[in-house]
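These are the residues of each chain, in order.
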Amino acid sequence: MVDLYLSRGYRYFDTAHRYHGEMSEKAICETLTSRYDRDAYELTNKITRAPFIHSEEEQEPFFMNQLEICGVCESHCPQNLPIRKYLEDVKKF
């Protein structure tokens with residue numbers, strides 16, 4: 001399905017932690033990064049609150065855990081964006 005989608009000129013993929021039994025992020029990252037150069041697609045992700053985040057204090061640990069799970073995507077970033085470092089810098093302010 002991914003091959004067909006990309007072959008027809010589409011590039012945008014969207015996922016979230018809660019999709020497909022919490023396996024969507026891992027599946028799309030593995031599929032895309034193992035078969036395509038990073039500039040061949042755009043991958044977005046979103047944080048969903050309920051039922052995973054019940055308070056503001058839970059949001060950052062949840063997000064950091066998502067980065068760990070999808071770490072392969074960060075390592076394939078064409079701009080080499082150090083997402084974790086950016087988040088640490090933001091916390092300083």
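Residues numbered from 1 in each chain as written. Predicted model: local features only at pLDDT ≥ 70, side-chain atom pairs only at ≥ 80, totals over all residues. Heavy atoms only, no water.

A look at the nonpolar core
Test applied: The criterion is simple. A nonpolar core is a set of buried Ala, Val, Leu, Ile, Met, Phe, Trp, Tyr and Cys residues joined through side-chain atoms within 4.5 Å. Categorising residues by exposure relies on relative accessible area from a 1.4 Å probe, with only protein chains included: less than 20% of the type maximum marks a residue as buried, more than 50% marks it as exposed, and the intermediate range marks it as partly exposed. Helix and strand definitions follow DSSP, with helices as H or I runs of at least four residues and strands as E runs of at least two, each counted in order from the N terminus.
Counting residues in hydrophobic clusters, the biggest one holds six residues: V2, L6, F13, I28, L32 and Y41. For this core, the secondary structure elements donating two or more residues are α1 (2-7) and α2 (24-35).

Notes on the layout of surface pockets
Threshold: Cavities and pockets were defined on a 1 Å grid built from protein atoms only: a cavity is a group of points that admits a 1.4 Å probe but offers it no way out, a pocket is an open group of points flanked by protein on both sides within 12 Å along at least five of seven lines, and a lining residue is one with an atom within 4 Å of any such point. Grid points are joined across faces, edges and corners, and a volume is the space filled by probe spheres set on the points.
Considering only enclosed or pocket space, the second largest pocket measures out at about 160 Å³ in volume. Forming the boundary of the second largest pocket are M1, V2, Y5, F13 and I28.

Looking at the pattern of salt bridges
The following threshold applies: Take a side-chain nitrogen of Lys or Arg and a carboxyl oxygen of Asp or Glu: if they are within 4 Å of each other, that pair is a salt bridge.
The final tally for this structure, using the stated rule, is three salt bridges. Between D3 and R35 there is a salt bridge whose closest N-O contact spans 2.3 Å. Placement of D3 in helix α1 and of R35 in helix α2 is noted, with a sequence separation of 32 residues between them. Residue class for R35 comes out partly exposed when judged on its relative accessible area of 45%. We note a salt bridge from E30 to K26, for which the minimum N-O separation is 3.2 Å. Here E30 and its partner K26 are both found in helix α2, four residues apart, which amounts to about one turn of the helix. On the basis of relative accessible area, E30 is assigned to the partly exposed category, the value being 42%.

Structural notes on α2
Condition: Each helix should span, by expectation, one fewer than its residue count multiplied by 1.5 Å. Each direction from the helix axis to a C-beta atom contributes to the arc, which is the arc of those directions.
Here α2 contains twelve residues, and its C-alpha end-to-end distance of 17 Å stays within 8% of the 16 Å for a straight helix at 1.5 Å per residue. Every buried residue belonging to α2 is among S24, E25, I28, C29, L32 and T33, and all of these are buried. Down the axis, α2 shows its buried residues gathered within 125° of arc, on one side only.

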